[in-house]
Each structure stands twice: as C-alpha cells, then as structure tokens.
Amino acid sequence: MSELFLGHPFIAPVIELARQAGEVIMPYWRADVAVTSKADDSPVTAADLAAHHLILAGLTALDPSIAVLSEEDADIDQSVRAGWQRWWLVDPLDGTKEFIAGSEEFTVNIALIEQGRVVFGVVSMPTSGRCYFGGAGLGAWRSDVNEAPKQIQVREAPAAGESFTVVASRRHTSPEQERLLDGLSEGLGALKLANIGSSLKFCLLAEGSADCYPRLAPTSQWDTAAAQGVLEGAGGEVLELSGEPFSYPARESLLNPFFLALPAKAVWRERLLSLARS
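Here goes a summary of the coordinates provided.

Definitions and limits used
- Residues numbered from 1 in each chain as written.
- Predicted model: local features only at pLDDT ≥ 70, side-chain atom pairs only at ≥ 80, totals over all residues.
- Heavy atoms only, no water.
- Helix = DSSP H or I, 4+ residues; strand = E, 2+ residues; numbered from the N terminus.
- Rg over C-alpha atoms; globule rule 2.2 N^0.38 Å.
- Buried < 20%, exposed > 50% of the residue type's maximum accessible area, 1.4 Å probe, protein only.
- Axes fitted to C-alpha atoms, helices over the stretch in contact; angles between N-to-C directions.
- Left-handed = near helix turned anticlockwise from the far one by under 90°.
- Contact = heavy atoms within 4.5 Å.
- Nonpolar A, V, L, I, M, F, W, Y, C, P; charged D, E, K, R; others polar.
- Pairing = 2+ DSSP bridges.
- 1 Å grid on protein atoms, 1.4 Å probe; cavity = no way out; pocket = protein on both sides within 12 Å on 5 of 7 lines; lining within 4 Å.
- Points joined across faces, edges and corners; volume = space filled by probe spheres on them.

## Looking at the overall build of the protein
Consideration 1: When helices and strands are tallied, the protein shows eight helices and 14 strands.
Consideration 2: The globule rule puts the C-alpha radius of gyration for 278 residues at 19 Å, and the 18 Å found for the protein is close to it.
Consideration 3: With respect to the principal axes defined by its C-alpha atoms, the protein has extents near 50 × 45 × 40 Å.
Consideration 4: Within the protein, the proportion of its 278 residues that are buried is 54%.

## Considering the packing of helix α5 (residues 175–188) against helix α8 (residues 269–277)
Consideration 1: Look at α5 against α8: their axes get within 9 Å of each other, and the N-to-C directions meet at 145 degrees. Seen along the crossing, α5 lies across α8 with a hand that is right-handed. Where α5 abuts α8, its residues Leu180, Gly183, Leu184, Glu186 and Gly187 lie against Arg271, Leu272, Leu275 and Ala276.
Consideration 2: Considered class by class, the residues forming the contact of α5 with α8 number five nonpolar, two polar and two charged.

## Structural notes on the sheet that holds strand β12 (residues 213–215)
Consideration 1: Pairing in this open sheet of three strands is antiparallel, and the strands run β12-β14-β13 from one edge to the other. At either end of the open sheet lies a strand with only one pairing partner, and these are β12 and β13 (236–240). Adjacent strand axes in the sheet meet at a mean angle of 15 degrees when their direction is disregarded.
Consideration 2: With five bridges connecting them, β13 and strand β14 (residues 259–263) associate as antiparallel partners. Of the residues in β14, the one forming a bridge with Glu240 is Phe259.
Consideration 3: Along the sheet, helix α7 (residues 221–233) makes contact with β13 and β14, crossing β13 at roughly 135 degrees.

## What to know about empty space enclosed by the protein
Consideration 1: Overall, the coordinates contain one cavity of 30 Å³ or more when judged by the stated rule.
Consideration 2: A volume near 50 Å³ is recorded for the largest cavity.
Consideration 3: Lining the largest cavity, in full, are Leu69, Arg81, Trp84, Trp87, Gln221, Tyr248, Pro249 and Ala250.

Right under this line is the structure:
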C-alpha cells in the first residue's frame, strides 16, 4: 500500500498499529470483562487499557518526539498541551458502551494533529478487519480483509429516488438536534436515519452512504479526530455551528463544541448551517 501514501510516511505503520490494537481487544469482546467507571462516569475495560498501552508504545517507537494524547491518558495540563505543535490524538477503543453491549460497532482511532488541524486519521474495526484512512489533500480509502484498498468519496446529493440520509448516534441526541432534523425534513422531505455507533458515523459519510452527520450533543476530541481525517480526505468537511472549520486547539476542556459533518460541496450546505444557528 505504501505507493498510495507517499504524501505521509506514517500512514502505513499507523494502519498496522491500529490492526494490532484490534487484535489485543478481541479476546475481551463478548467475554465476561470487568467494567469500571472513570471520573466522568464513562466506562473503561481491560480492553481499552490493553489497546492504549500497545498504541502508546508503537507511536513512541515510530517517533518519540511526537506527544500522545489518549483517552486513557488524558490528564495532561493545558499549559503543557499548548506547547505542542504536533501530536497524536488517540481513542484506543471508541464505542466502549457498544463493545460492552456485544455490538460490532466499536473502533480504534488514531489521528495525527499539527497546529490544531487533522493531518490524517485511521479508523479500524477490530471485529471485521475493515479500516478507513485518509486526510485532507491525501484522499481517503477503505480497506477490507484480503481486498485491495478502495478509494472512497462523499456524495454531494442522494441518488434519484433515494432519501436524504442523516447519521445519528444510537445513544446521544438533544432537543437542538431534534429541531435541526425537523427543519431539514421540511426542506428536503422525509429523512432516512442511519443509526450507528462510534466514529463509523463519519465513515458512512466518507464512503457516500449518508449525507450529513449533525452532532449537537457532547463528544471529546479523541472521538472525532481520526474519522474527521477520513471524511476530509473523501471530500467532506467538519464545521462548527458558526461555519468555521472544526479544529483541535489546546483548550482547557477536551470536550468538543457541537459540529456538522457534511460533503464540502453540498448544495444544501447553507440551509444546514442556517438551521444549526437558529
């Protein structure tokens, strides 16, 4: 695969590292794994921690000068993070609640960030071996087991006869998000909702299986960065509700603002932004 990625030498080794993290996760899946709660009441398991330690060791070996911010090691003071120019943003097991429930919809997320912007991201599905990867200016691909990587692209509009498809979280919504969906349906007709867990929501957009993903409910930086890289490589964008590009500055809080993920050239882009601001 390396000939596809001459633009960045780290992508191929990070894909392999995400695959290895999936291998250490899988023995815990649908097993009697202990679940504990972190300070924010989010769950954590031995699978999260095993993947974290493997990824941390692998990224450090790849380039020890690049800092790592992982969900499982995020207690790093803002004053320290403010000095980083380049860092890895990692969710070793995105969708822990899905994992605990026995769902297949959990991922390993690894993104490289430079000056607050995503350079590229890798999103790997341990249960299937499927991997998405890409970045702005690099393109985006989906790789399935025993198949050559396939380049993916957003769709600017649904095909004739198809419904406008909005990606939603299985577990998280808000009154603001429900109002946004009601406003979209008024202008675009009946919406089809695609419910899926973890960062796979972005990947559905990136491969042209859905049209937008509004998130007017909480997320953390490690939940979104890797899949944002995939979406941007596929011709999509992620915006704050103001319309500004979504980025990862060294804020005190690691929670994200609300965002909209969509094809960059969508004809309904301004309508979506107007609804989000209202």
